[in-house]
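# Secondary and tertiary structure notes
Here is what each chain is made of, one letter per residue.
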Amino acid sequence: MTKPEQATRVGGVVLAGGSSERLGQDKVSLDWHGTPLVERVARLLARGLGGGPVVVVGPAGGSLPDLPPRFATVNDPEPDGGPLVGLGEGLGLLEGEVEAVVAVPCDLPLLHPALVRVLIERLLAADADVACPTAEDGRALALPGVWRVGTTEAIRVALAGGERSPSRLASRLRMAGIALSDLKAEPELAELDPDLDSLLDVDTAGQLEDLAGRPPKVRVARDRRLETANAWTLGELVDQVGGELDGPCVVNGLPVEFDPRFPLARRDSISLPPGEGL
């Protein structure tokens, strides 16, 4: 679980400024089972942060779907500037408020809060500027990754020099790299996201079709019954279980006011209040 002090020291940035050319449709407005994909990712990120501020960076001159008020929004300063431009904007907005941010693309529908927690723990334990997964050949996979706010100036300098790749910049900074095999071996991820589905993105129509058909498997308790279900949100889960809610839910031991768009992640344990007529 995210420690209380981490929630005040670490924020989040969701990068939603890309052109989505390979997908053939706008990711920013993509509906994901009743929730904009960018909102789903932002809310999963927020779950992993445990309360830190989250900024959603939208396309230059474009607009974002209506998001819950807890999410701040800003637009890329230049069209098609790339993720490093968006990361710089998000970091700049949170400068002075947090010490680091978890930066994620907007197209990770299976992002698990556990991955967010593990990356935060790795950065806070290291004397590093960036903590991120690395490929087996050592290449940085900088998004998702955790970036200290102190890297803002390095990002500005890199952008002025024509750099547009967060991964290349991360490799030139003090980087705490985590090989994918080591990530899979982390106890929390081995239990909750053993195949690192968190890193699967929606870049093509084929990936969209595949991932849209893979709702997280969760465990639900209601009226002394225990069962499993596959659902993207609390709303979908309640529709499957049936009945009317009368009171808050409990997700992984924490009370949550019922929100039909609350995003679920693999192996969440949900306790629902008794339903009428059940």
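Every residue gets a number counted from 1 within its own chain, in the order that chain's sequence is written. Local features in this predicted model are restricted to residues whose pLDDT is 70 or higher, and side-chain atom pairs enter the listing and the counts only when it is 80 or higher, whereas totals over whole chains, interfaces and linings include all residues. For the side-chain quantities, the full set of heavy atoms in the structure was used; hydrogens and water were omitted.

## A closer look at the packing of helix H3 (residues 83–94) against helix H5 (residues 152–160)
Where H3 contacts H5, the two axes come as close as 10 Å, and the packing angle between them is 145°. Considering only the axes of H3 and H5, their crossing is left-handed. Here Leu 84, Val 85, Leu 87, Gly 88 and Leu 91 of H3 come into contact with H5, specifically with Thr 152, Ile 155, Ala 158 and Leu 159. The convention used is that axes are lines fitted to C-alpha atoms, helices contributing only their stretch in contact, and that angles between N-to-C directions extend from 0 to 180 degrees. Every helix listed is a DSSP run of H or I at least four residues long, and every strand listed is a run of E at least two residues long, numbered separately from the N terminus. When the near helix sits turned anticlockwise from the far one by under a right angle, the crossing is termed left-handed; a clockwise turn instead gives a right-handed crossing. Residue contacts follow a heavy-atom distance rule, with two residues in contact if any of their heavy atoms lie within 4.5 Å.

## Observations regarding the pattern of salt bridges
Between Lys or Arg on one side and Asp or Glu on the other, a salt bridge is scored when a side-chain nitrogen of the former is within 4 Å of a carboxyl oxygen of the latter. This model, assessed by the stated rule, comprises 17 salt bridges. Here Asp 127 and Arg 174 are joined by a salt bridge, their closest N and O atoms 2.7 Å apart. Taken together, the residues Asp 127 in the loop between helix H4 (113–125) and strand S7 (130–134) and Arg 174 in the loop between helix H6 (166–172) and strand S9 (175–179) connect sequence positions 47 residues apart. Relative accessibility thresholds used throughout: buried, under 20% of the residue-type maximum; exposed, over 50%; partly exposed, between the two (1.4 Å probe, protein chains only). By relative accessible area, Asp 127 is classed as exposed at 66%. Shared partners join several salt bridges into a network, and the residues in it are Glu 39, Arg 43, Asp 259 and Arg 261.

## Quick notes on the nonpolar core
By convention a nonpolar core is built from buried Ala, Val, Leu, Ile, Met, Phe, Trp, Tyr and Cys residues, the set being connected through side-chain atoms within 4.5 Å. In this structure, Val 14, Leu 45, Val 56, Val 102 and Leu 111 are the most contacted members of the largest nonpolar core, which totals 47 residues. Those elements giving two or more residues to this core turn out to be strand S1 (10–15), helix H2 (37–49), strand S4 (54–58), strand S6 (100–105), H4, S9, helix H8 (187–192) and helix H9 (205–212). The biggest single contributor to this core is H2, with eight residues. Each residue touching Val 14, except ones within four places of it in the same chain, is listed here: Val 38, Val 41, Ala 42, Leu 45, Val 54, Val 55, Val 56, Val 57, Val 104, Pro 105 and Cys 106. Formed by 25 residues, the second largest nonpolar core is a distinct cluster that contains Val 98, Val 101, Ala 142 and Trp 147.

## Examining the packing of H2 against H4
In contact at an axis separation of 7 Å, H2 and H4 are set at 50° when each is read in the N-to-C sense. Here H2 lies oblique to H4, going by the angle between them. As H2 packs across H4, the resulting crossing turns out to be right-handed. Here Leu 44, Leu 45, Arg 47, Gly 48 and Leu 49 of H2 lie close against H4, whose contacting residues are Pro 113, Val 116, Arg 117 and Ile 120. If an angle is under 35 degrees, it is roughly parallel; if it is over 145, roughly antiparallel; if it lies from 65 to 115, roughly perpendicular; otherwise it is oblique.

## Quick word on H5
Turning to H5, its buried residues are Thr 152, Ile 155, Ala 158 and Leu 159. All buried residues of H5 project into a common sector of 125° when viewed along the axis, lining one side. More than 90 degrees from the buried face of H5, the exposed residues found are Val 157 and Ala 160. Those residues of H5 that are buried are in contact with H3, strand S8 (145–148) and H6. Of the residues trailing H5, Gly 162 is marked for its positive phi of about 95°. Taken from the helix axis, the directions to the C-beta atoms give the arc we talk about.

## Quick word on the sheet that holds S9
The mixed open sheet is built from seven strands, whose spatial order is S5-S4-S1-S6-S8-S7-S9. The sheet terminates laterally at strand S5 (71–75) and S9, the two strands that pair on one side only. On average, adjacent strands in this sheet sit at an angle of 25° to one another, irrespective of strand direction. Two strands pair when backbone bridges link them, and S6 and S8 are joined in this way by four bridges, in the antiparallel orientation. Residue pairing in the sheet places Ala 100 in a bridge with Arg 148 of S8. Across the sheet, H2 lies against S1, S4, S5 and S6, angled at about 165° from S1, the strand it touches most. In this description, strands pair whenever DSSP reports at least two bridges between them.

## Focus: the packing of aromatic side chains
Aromatic rings from Phe, Tyr and Trp, taking only the six-membered ring of Trp, are treated as a pair when their centres fall within 6.5 Å; an angle between ring planes under 30 degrees marks them as stacked, one over 60 as edge-to-face, and anything in between as tilted. What the rule picks out here adds up to one aromatic pair. Considering the side-chain rings of Trp 32 and Trp 232, the 5.4 Å spacing of their centres and the 90° angle between planes classify their relative orientation as edge-to-face. One end of the pair, Trp 32, is in strand S2 (residues 31–32); the other, Trp 232, is in the loop between strand S11 (225–230) and helix H10 (234–241), with 200 residues separating them in the sequence. Look at Trp 32 and you get buried, because its relative accessible area is 2%. Note on Trp 232: relative accessible area 1%, which makes it buried.

## Describing unusual backbone geometry
Cis geometry marks the peptide bond from Leu 143 to Pro 144, where omega comes out at 5°. Relative to the assigned elements, Pro 144 resides in the loop between S7 and S8. Located in the positive-phi region is Asp 80, a residue other than glycine, with phi close to 50°. Checked against the element boundaries, Asp 80 lands in the loop between S5 and H3. Given a relative accessible area of 63%, Asp 80 falls into the exposed group. Even without being a glycine, Leu 196 presents a positive backbone phi close to 55°.

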